[in-house]
Amino acid sequence: MTSSLSAHGPMPPLPPHSGGTGGWSTGAKVGIVAAIFGALAICALPVVNFFFMGPDIGDAKAVAEQYFDRIEAGDDARAYQLLCAKAQKATTQDAFVAKLKDSSRPVDHTVLDGGLLHASGYEAWIDVRLVEGTGATREVRLSLEGNGRDPWRVCGDTFI
């Protein structure tokens with residue numbers, strides 16, 4: 001006669017088969033994976049933009065800021081150094097400094113807005129509000145150029 005008893009006593013019943021899901025439904029697992037990939041994609045956008053999409057307009061705005069800071073401070077020679085090669089060929093440093101002495105030098109400025117002109121991103125425009133010594137204001141659009149190896153430089157009309 002066969003008995004369900006072993007030499008050590010009755011055998012306990014086996015637990016129900018759980019299927020290995022650990023309580024997570026397939027939809028929940030897919031949702032978690034999608035959320036992780038979504039978070040990685042969002043975090044990767046600035047890195048991809050920096051390495052593959054070209055420069056940031058913030059860098060061009062910073063150069064426009066430096067340019068007018070130097071002019072307002074009377075540091076004309078250092079302002080001239082922020083001009084692109086084309087602008088420096090069009091006017092000598094002495095002529096640039098003389099023009100600043102003869103013109104209404106801004107006493108304050110505010111960088112307003114800016115944008116990249118081409119898909120390559122190495123030409124930009126920056127809008128700046130200048131305040132003259134009389135208190136009068138005028139807005140100008142500064143043109144800047146870069147090439148990826150060199151920093152941004154002021155080109156075109158220098159607004160002095």
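Scroll up for the structure.
The following paragraphs examine the structure supplied in this document. Everything quoted here is computed from the prediction, not taken from an experiment.

### Some points on the nonpolar core
By size, the foremost hydrophobic cluster in this structure holds 25 residues, and its most contacted members are Tyr-67, Phe-68, Leu-83, Phe-96, Ile-126, Leu-142 and Leu-144. No other element matches the six residues that helix α2 (residues 57-72) contributes to this core.

### So, the packing of aromatic side chains
For any pair of aromatic rings, the description consists of the separation of the ring centres together with the inter-plane angle of the planes. Per the stated rule, a full pass over the model turns up two aromatic pairs. Here Tyr-67 and Phe-68 contribute two aromatic rings whose centre-to-centre distance is 5.1 Å and whose plane-to-plane angle is 75°, an arrangement assigned as edge-to-face. Its end group placed over the ring of Trp-125, Arg-141 keeps NZ or CZ at 4.0 Å from the ring centre.

### Considerations on the pairing of strand β5 (residues 137-145)
Of the pairings in the sheet, the one linking strand β4 (residues 123-131) to β5 comprises nine bridges and is antiparallel in character. Its bridge partner lying in β5, Trp-125 is registered against Ser-143. Taking the residues that link successive antiparallel strands as the turn, the β4-β5 hairpin has five residues, and the phi of Gly-135 there is positive, at about 95°. Both β5 and strand β6 (residues 153-155) contribute to a ladder of three bridges, which runs antiparallel. Directly across from Leu-144, in β6, lies its bridge partner Val-154.

Calculation rules
Residues numbered from 1 in each chain as written. Predicted model: local features only at pLDDT ≥ 70, side-chain atom pairs only at ≥ 80, totals over all residues. Heavy atoms only, no water. Core = buried A, V, L, I, M, F, W, Y, C linked by side-chain atoms within 4.5 Å. Buried < 20%, exposed > 50% of the residue type's maximum accessible area, 1.4 Å probe, protein only. Helix = DSSP H or I, 4+ residues; strand = E, 2+ residues; numbered from the N terminus. Phe/Tyr/Trp six-rings, centres within 6.5 Å; stacked < 30°, edge-to-face > 60°. Lys NZ or Arg CZ within 6 Å of the ring centre and 35° of its normal. Pairing = 2+ DSSP bridges.

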